[in-house]
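The chain contents come next:
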Amino acid sequence: MIFNPNKDLWLEPFLESLGEPIVTNPILELGCGFGQDTKYLIDKGFNITATDISKVRLAASALNVPKAKHLLLDLKEPFSFENQSFSVILASLCLHYFEWQKTIEITYEIWRCLKVNGLLLARFNSVNDKHYGSVGHKEISPNFYQVKDMSKRFFDEASIRRLFDNGWEIKELEEMTIHRYSKPKVVWQLVAVRID
């Protein structure tokens, strides 16, 4: 898949926060998809471990960004990384497919794999994301819908704060409209730090 890595420059304001580009511990990217964010950071000199559950998307990302390390990872399973393995974890629009308890468990795995004072940059579907499923679909549980062939969760501010109320310090949380896809998408953008 061909894409424009400069279409959605959401990571640009955080480049300084990510530290020196080449670091001993790589950045972990969850749900890398076709590698748009992966390519952006590799091009800036960062060391990325990119993961996804889809073999097709992972192979496409590896083709698009051969300098990144690529690993198959199912977020529903315990992560295969040691405690405190990463200083930075990215999770852009990949944490919304799960029942609430499973979402809590995945958030714990992210916390476990981050170093103390490590940085999480994440984006979540907003309850106001009307173009991509927050209205007009069968509700499985509150703000969790069957959208075509997949389940999708949509977050309000309170649910994100509840998800990150233990072991985290939320530095920034902002609802915004992004233009990564064919239609505008409303997301919550989170910057959080692991505390111990």
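Summarised in this report is the structure supplied together with it. (Residues numbered from 1 in each chain as written. Predicted model: local features only at pLDDT ≥ 70, side-chain atom pairs only at ≥ 80, totals over all residues. Heavy atoms only, no water.)

With that out of the way, let us pick up the sheet that holds strand β1 (residues 27-30). Read from one edge to the other, the open sheet built from 7 strands follows the order β3-β2-β1-β4-β5-β10-β9, with strand pairing classed as mixed. Each edge of the open sheet carries a strand with a single partner, namely β3 (69-72) and β9 (168-178). Going from strand to strand, the sheet's axes swing by 15° on average, the running direction of each strand aside. Here strand β2 (residues 48-52) runs beside β3; their pairing, made up of 4 bridges, is parallel. Counterpart to Thr 51 in the pairing with β3 is Leu 71. Relative to the sheet, helix α1 (residues 36-43) contacts β1, β2 and β4 (86-92), its axis offset from that of β2 by approximately 175°. Where helix α3 (residues 100-113) meets the sheet, it contacts β1, β4, β5 (114-125), β9 and β10 (185-194), and its direction lies at approximately 145° from that of β5. (Pairing = 2+ DSSP bridges. Helix = DSSP H or I, 4+ residues; strand = E, 2+ residues; numbered from the N terminus. Axes fitted to C-alpha atoms, helices over the stretch in contact; angles between N-to-C directions. Contact = heavy atoms within 4.5 Å.)

Although it is not a glycine, Asn 117 sits at a positive phi angle of roughly 70°. In this fold, Asn 117 is placed in strand β5. The backbone phi angle of Asn 143 is positive, close to 60°, even though this residue is not glycine. Mapped onto the secondary structure, Asn 143 falls in the loop between β6 (138-141) and β7 (144-147). Classification of Asn 143 as partly exposed rests on a relative accessible area of 26%. (Buried < 20%, exposed > 50% of the residue type's maximum accessible area, 1.4 Å probe, protein only.)

Enumeration according to the criterion identifies 8 aromatic pairs in this entry. Between the aromatic rings of Tyr 97 and Phe 98, the centroid separation amounts to 6.3 Å while the plane-to-plane angle is 85°, which identifies the pairing as edge-to-face. On the accessibility criterion, Tyr 97 (33% relative accessible area) is partly exposed. Pairwise contacts between aromatic rings join Trp 100, Phe 124, Phe 155, Phe 164 and Trp 168 into one cluster. Directly above the ring of Phe 144 sits Arg 153, whose terminal nitrogen or CZ lies 4.5 Å from the centroid. Cation over ring: Arg 194 sits above Trp 111, and NZ or CZ is 3.6 Å from the ring centre. (Phe/Tyr/Trp six-rings, centres within 6.5 Å; stacked < 30°, edge-to-face > 60°. Lys NZ or Arg CZ within 6 Å of the ring centre and 35° of its normal.)

Further remarks concern the nonpolar core. By size, the foremost hydrophobic cluster in this structure holds 29 residues, and its most contacted members are Leu 30, Leu 120 and Phe 124. Only β1, β4, α3, β5, α4 (157-163), β9 and β10 provide two or more residues apiece to this core. Setting aside residues up to four positions removed in sequence, Leu 30 forms contacts with Thr 51, Leu 73, Leu 75, Phe 79, Ile 89, Leu 90, Ala 91, Ser 92, Cys 94 and Ile 110. Listed in part, the 22 residues of the second largest apolar core include Phe 46, Ala 68, Val 88 and Leu 119. (Core = buried A, V, L, I, M, F, W, Y, C linked by side-chain atoms within 4.5 Å.)

Honestly, it's all geometry; don't read function into it.
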